[in-house]
Amino acid sequence: MAESKAVSKRKATSGKKTKQVKTKITKKDVKDTEVATTAVAEDDAAEKVLTDRRKRLAERARVRSTETPTIVEPQEVEAVKITDVSGVVYDKDVYEEMVSMYDATIQDIKEGEIVKGKVLGVTNDDVIIDVGFKSEGIVPINEFPTPLNMAVGDEVEVFLEQIEDQNGQLMLSKSKADFMRVWDQIREVHDSGSTIEGKIARRIKGGLVVDIMGVDAFLPGSQVSLRQVPDFDALINDPIEVKIIKLNKNRRNIVVSRRVVLEEEREKLRATLLEEIAVGQTRSGIVKNITDFGVFIDMGGVDGLLHITDMSWGRIRHPSEMVNLGEKIDVKILDYDENSHRISLGLKQLTPYPWENIEEKYPIGKKVTGAVVSLTDYGAFVELEKGIEGLIHISEMSWTQHIKHPSKIMSVGDQVDAIVLSVDKDNEKISLGIKQMEPDPWITIEDKYPPGEIFEGKVRNLTAFGAFVELEEGIDGLVHISDMSWTRRVQHPSEVMRKGDDLKVVVLKIDHENRRISLGYKQLSADPWPELENKFVVGSEHLGAITKVFDRGVVVDLGGGVEGFVPTSQLAGRDLTDPTGVFVEGEEIPMTVLEFDASQHKIVLSTVGYFKKRDKSEFDEFLAKHPADGSRAAAPTTESAPEADDAEDSAGKEVAAAEVTESPEAEGGDAAVAEESGEATDDTVAVAEEGGAATDATDAEESGDTTDEETKE
């Protein structure tokens, strides 16, 4: 009873303790327990199978040892199945012998090592290699530098990357084997900083692949040369010296540079060149860069400038006409600055100076032949020989034609004959002429156009001082404005003639030196002034219409093309100082003749003199109509001046012409001013002819339709 109570008490205590210790069991613990239980069960099953097998083998061995061996005749069988020999049991010696024989056919190879193999086959894409393992390896054919030389039976070294891949084959690499074999040598070259020879294998994106000791290295495009290489393909298979600038064994990455080697060589050459260079030396260089103003030449570490003016004795438009980029040429050292290391080079200095003894080669008057190389506004340049050019000025192209630009008669590339006019060796200039190839028509011009004879020509141009009349092609004469009318004071040639009119003229004078012909138009008729003297005697009264109003007086039309001049002092009272605004064109006024000079073609009139013979009331009435302050009582009717229909210019042009002629300071003494002033003589008119033509040359140029000949006139 007491014992049962004790047991019950222990159970109660045990149960109580169990309740106090609580263990949390998770799903992971359950799973691990199940895995462990399964593993133990599998081990027990395997052990049991193994024990049963051993028992069966031991039993069979015991039975065979007790049985008498039976000789069985051999029989021929077609095939042996594995089930037929599954029950055969080999003794220990036979088993070990068979295992050793099998081990002899299989090499002891490990991953990550270089092994030797034998080529079993070569396809278009792969090379099959036996390395003595239970399976062969396949290597891509592009990993072999010379795949065409591969043959069955050749021994090669390959790198074992993996014993079996997912297909159960060996993973071999020829490129990795080559890399591992020469890695130590490549690293030694890299660490020492020395150069190594390689061969450019192929071109890839960004640069070239260089074969170094059988290993591919990358040569970036920027490291190929000191300058940009236009064609990388041209370098393939070329041997080069390179430096290893970057290594990565894990990635089998080798980066090399040829530029570093070239820079080191250039620095050596630069130091040597700077020690040896001297002005006057002839050295070789490579064209590095071509610009509009010259060429930069690499002299071997130092660049020199070959200016365009030192490239040829002749004319060139651009340096590219003589040299090409990358071309090797010989140049001469013209100047060297030791501080800045600037070198000035010359190419033309290597050839003889063509202007030496130029006077003997091209004497004045010699006929020469050359090609037109350039055209300008003022002439054409002709190349007589390499480095020798002559200029044909536009004035030396024709005796008679008015050539405005050389392109009118010649083009670049034309062969022309010319005469040497002058030679200037110091300035390297030769003046040529082509008009000298023909006789000068001005030598015999006087025989063809003798003074005093009448000829017909065409009005070619009108200027403020006269009209140019073309007598024949290239031969012009000037009709001065003072030689257009005996009686009228012509302000502009357009009042008498128009451009393009056929006109008869009289030859007045020929100037051989200046190549000018003076013509006259009024000389076609007789001088009417001797007859007018009887009509316009001093004191006679006349009525005339005002044609021009100036500050010094007015010009009046007396009829029949005859004009007279009324000074301001003879127009009205003494208070009148400027008739402008007081008298108007077309107004008729009475006058009396104060002075008549037939030799000077001058008639001076007076309104005051006319009213002296009249009642004072008439003069007062006249003054009332023409007050000195310009406030007119009534404007008279304006009538057109005689022969105004021939005028081509506007009123503005006439006023401008009047302002020119009324100025007493005009150079050359205009004949019209002389008429107005009442002081003109025959000599004054002659001066107006000559001086007017010369001083008004600027006006002719401004008219925009003149030639050099006209400007001279």
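Whatever comes next refers back to the structure up there.
Report on the accompanying structure. (Residues numbered from 1 in each chain as written. Predicted model: local features only at pLDDT ≥ 70, side-chain atom pairs only at ≥ 80, totals over all residues. Heavy atoms only, no water.)

1. Re the packing of aromatic side chains
- The full count for this structure, using the stated rule, is nine aromatic pairs.
- Relative to Phe468, the ring of Phe465 lies with its centre 6.3 Å away and its plane at 85°, an arrangement referred to as edge-to-face. An identical accessibility class is assigned to Phe465 and Phe468; each is buried.
- Ring geometry for Tyr610 and Phe611: centres 5.3 Å apart, planes at 85°, overall edge-to-face.
- Of the residues examined, Tyr610 reaches a relative accessible area of 16% and is grouped as buried.
- Put simply, the rings of Phe583, Tyr610, Phe611, Phe619 and Phe622 touch in pairs and so form one group of aromatic residues.
- One Lys or Arg, Lys522, reaches over the ring of Trp486 and ends 4.6 Å from the middle of that ring.
- We note Arg614 situated over the ring of Tyr610; from NZ or CZ to the ring centre the distance is 4.2 Å. (Phe/Tyr/Trp six-rings, centres within 6.5 Å; stacked < 30°, edge-to-face > 60°. Buried < 20%, exposed > 50% of the residue type's maximum accessible area, 1.4 Å probe, protein only. Lys NZ or Arg CZ within 6 Å of the ring centre and 35° of its normal.)

2. Notes on the pairing of strand E15 (residues 342-346)
- The sheet contact formed by strand E13 (residues 303-307) and E15 spans three bridges and is parallel. Paired with Leu305 across the bridge in E15 is Ser344.
- Examined bridge by bridge, strand E14 (residues 328-337) and E15 share five bridges and lie antiparallel to one another. In the strand pairing of E15, Asp337 is matched with Arg342.
- Counting the residues between successive antiparallel strands, the hairpin from E14 to E15 contains four residues, one of them, His341, with a positive phi of roughly 60°. (Pairing = 2+ DSSP bridges. Helix = DSSP H or I, 4+ residues; strand = E, 2+ residues; numbered from the N terminus.)

3. Observations concerning the sheet that holds strand E11 (residues 282-290)
- Here we have five strands rolled up into a closed barrel, ordered E11-E12-E13-E15-E14, and mixed in their pairing. Adjacent strand axes in the sheet meet at a mean angle of 50°, parallel and antiparallel pairs treated alike.
- Of the pairings in the sheet, the one linking E11 to strand E12 (residues 294-298) comprises four bridges and is antiparallel in character. Residue Asn289 lies in a different strand from E12, and its bridge partner there is Phe296. (Axes fitted to C-alpha atoms, helices over the stretch in contact; angles between N-to-C directions.)

4. A closer look at helix H4 (residues 174-192)
- Here H4 is 19 residues long and its end C-alpha atoms lie 27 Å apart, about the 27 Å a rise of 1.5 Å per residue gives.
- Its axis deflected by about 55° at Trp183, H4 carries its strongest bend there.
- Two residues or fewer past H4, Gly193 is found with a positive phi of approximately 75°. (Expected span 1.5 Å × (residues − 1). Bend = angle between axes of the 7 residues up to and from the residue.)

5. Things to note about the sheet that holds strand E21 (residues 454-462)
- One closed barrel holds the five strands; their spatial order is E21-E22-E23-E25-E24, and the pairing between them is mixed. Across the sheet, the mean angle separating the axes of adjacent strands is 55° when strand polarity is ignored.
- Across five bridges, E21 lies against strand E24 (residues 502-511) in antiparallel orientation. When the bridges of E24 are listed, Ile454 appears paired with Val506.

6. A few points about the pattern of salt bridges
- Taken as a whole and judged by the stated rule, the model has 14 salt bridges.
- Its salt-bridge partner being Arg202, residue Asp216 comes within 3.4 Å of it at the nearest N-O pair. With Asp216 in strand E8 (residues 215-220) and Arg202 in strand E6 (residues 195-204), this pair connects stretches of sequence that are 14 residues apart.
- For Asp216, a relative accessible area of 41% puts it in the partly exposed group.
- Salt-bridge contacts for Lys616 lead to Asp620; the nearest nitrogen and oxygen are separated by 3.1 Å. Of this pair, Lys616 and Asp620 both sit in helix H10 (residues 616-625), four residues apart, roughly one helical turn.
- In this structure Asp620 comes out as partly exposed when scored by relative accessible area, which is 34%. (Salt bridge = Lys/Arg side-chain N within 4 Å of Asp/Glu carboxyl O.)

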